[in-house]
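Okay, here's what each chain looks like letter by letter:
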Amino acid sequence: DQQVKQNSPSLSVQEGRISILNCDYTNSMFDYFLWYKKYPAEGPTFLISISSIKDKNEDGRFTVFLNKSAKHLSLHIVPSQPGDSAVYFCAASGWDSNYQLIWGAGTKLIIKP
Amino acid sequence: EAQVTQNPRYLITVTGKKLTVTCSQNMNHEYMSWYRQDPGLGLRQIYYSMNVEVTDKGDVPEGYKVSRKEKRNFPLILESPSPNQTSLYFCASRNRPQTGAAGNEQFFGPGTRLTVL
């Protein structure tokens, strides 16, 4: 039973436009959500996070939105740049899982020139 | 430089030949984890450790062993590797997680590509 789902395996976006990556979760006890970015042949690197007490967190071109009632979060990248092409993982944690991170399957983002 | 290192980065081996993948972190983190990444399945946790001499099974522990004798090291041991353990492996570390706080951020190693023939 997947507690964290990223339903889009891939997404293609024109350079300069907005990229929106989505993530759904089922466990209402999750209280912290993170996005990681992964390039080929490298380990994932932390991108941005949000606590369940907030509904938005912004860091430069990256904004994460959390909708707790819908158990949904999204990552917005504006404007999208070629270097943003990577696999993006959504992860969540909560006290009931010993704060172990539960990961989505990832979405491959391709930025077209 | 704060980092997580893994060795080897690439390994091709044969079924049944015991192997160890080492992992070391220099950030004095309490928590360490091993993951495998397979196409379409994302990152699945194999084992984790919340402190020295404290280890726990993750989602896919079968066929793997770990040990945590020192805070900085967390080796992954495959006693008798099989072809279904062919995968990309990541070690990760972080501070003790706190409720809704940034301590939940994990730092990953560069990965170990393992092929079992």
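In the block above lies the structure referred to throughout.
Residues numbered from 1 in each chain as written. Chains lettered and ligands numbered in written order. Predicted model: local features only at pLDDT ≥ 70, side-chain atom pairs only at ≥ 80, totals over all residues. Heavy atoms only, no water.

## Looking at the overall build of chain B
Scanning chain B from terminus to terminus reveals zero helices and eleven strands. Beginning at the N terminus, the succession of helices and strands in chain B can be written as β-β-β-β-β-β-β-β-β-β-β. Over its C-alpha atoms chain B spans a radius of gyration of 14 Å, differing by no more than 12% from the 13 Å that the globule rule assigns to 117 residues. Each principal axis of the C-alpha distribution contributes one length, and for chain B these read about 40 × 30 × 25 Å. Every one of the 117 residues in chain B was classed for burial, and the buried ones make up 51%. When contacts within chain B are restricted to residue pairs at least 6 apart in sequence, long-range pairs at least 24 apart make up 55% of them. As displayed, chain B has an accessible area near 5600 Å², and 49% of this comes from carbon and sulfur atoms. (Helix = DSSP H or I, 4+ residues; strand = E, 2+ residues; numbered from the N terminus. Rg over C-alpha atoms; globule rule 2.2 N^0.38 Å. Buried < 20%, exposed > 50% of the residue type's maximum accessible area, 1.4 Å probe, protein only. Contact = heavy atoms within 4.5 Å. Areas by Shrake-Rupley, 256 points an atom, 1.4 Å probe, with all protein chains shown as cover.)

## What to know about the pattern of salt bridges
Enumeration over the complete set of coordinates arrives at seven salt bridges over all chains. Across the pair A:K37 and A:D84 runs a salt bridge whose closest N-O atoms are separated by 3.9 Å. Pair noted here: A:K37 is in strand β4 (residues 30-38) and A:D84 is in the loop between β8 (72-77) and β9 (86-94), with a separation of 47 residues, a long-range link. On the basis of relative accessible area, A:K37 is assigned to the buried category, the value being 12%. Judged by relative accessible area, A:D84 falls into the buried class, the value being 2%. The shortest N-O distance in the salt bridge between B:K65 and B:E79 comes to 2.8 Å. Separated by 14 residues along the polypeptide, B:K65 in strand β7 (residues 65-66) and B:E79 in the loop between β8 (76-78) and β9 (87-94) bring together distant segments of the chain. Ionic contacts of the salt-bridge type, sharing partners, join the residues A:K37, A:R61 and A:D84 into one network. (Salt bridge = Lys/Arg side-chain N within 4 Å of Asp/Glu carboxyl O.)

## Quick notes on the packing of aromatic side chains
Tallied over the full model, the rule gives twelve aromatic pairs over all chains. Here A:Y25 and A:F30 contribute two aromatic rings whose centre-to-centre distance is 6.1 Å and whose plane-to-plane angle is 55 degrees, an arrangement assigned as tilted. Take A:Y25: its relative accessible area is 7%, and that puts it in the buried class. Using a relative accessible area of 3% as the deciding quantity, one classes A:F30 as buried. Measuring from centroid to centroid gives 5.8 Å for A:Y36 and A:F46, while their planes differ by 75 degrees, and the two rings are edge-to-face. In this pair, A:Y36 sits in strand β4 while A:F46 sits in strand β5 (residues 45-51), placing the two residues ten residues apart along the sequence. Through pairs of rings, three or more aromatic residues link up here, namely A:Y36, A:F46, A:F89, A:W103, B:Y35, B:F90 and B:F108. (Phe/Tyr/Trp six-rings, centres within 6.5 Å; stacked < 30°, edge-to-face > 60°.)

## Digging into the state of the cysteines
Applying the stated rule across the entire model yields two disulfides over all chains. Through a disulfide, A:C23 is tied to A:C90; the S-S separation comes to 2.0 Å. The S-S bond linking A:C23 to A:C90 shows a torsion near -70 degrees; that makes this disulfide left-handed. Of the two residues, A:C23 is situated in strand β3 (residues 19-25) and A:C90 in strand β9; the sequence distance between them amounts to 67 residues. The exposure class of A:C23 is buried, given its relative accessible area of 0%. Shown here is the disulfide that connects B:C23 with B:C91, its sulfur atoms set 1.8 Å apart. Here the disulfide of B:C23 and B:C91 is left-handed, its torsion about the S-S bond being about -70 degrees. (Disulfide = S-S within 2.5 Å.)

## Some words on the interface of chain A and chain B
Counting residues at the interface gives 20 residues for chain A, matched by 27 residues for chain B. In total, about 1800 Å² of surface goes out of reach between chain A and chain B, with carbon and sulfur atoms giving 54% of it. A per-residue breakdown of the area chain A buries against chain B is headed by A:Y99, A:Q100 and A:W103, which together make up 30% of the total. In this structure, the connection of chain A to chain B is made through zero salt bridges. The tally of links from chain A across to chain B stands at four residue pairs in polar contact (both at pLDDT 80 or more). Listing elements by their share of the side of chain A that touches chain B, those giving two or more residues are β4, β5 and β9 of chain A. Here the side of chain A that touches chain B takes five residues from β4(A), the largest share from any one element. A per-class count over the side of chain A that touches chain B returns eleven nonpolar, six polar and three charged. (Buried area = accessible area lost by both parts, 1.4 Å probe. Polar contact = N/O pair within 3.5 Å; in protein donor to acceptor, adjacent residues only side chain to side chain. Nonpolar A, V, L, I, M, F, W, Y, C, P; charged D, E, K, R; others polar.)

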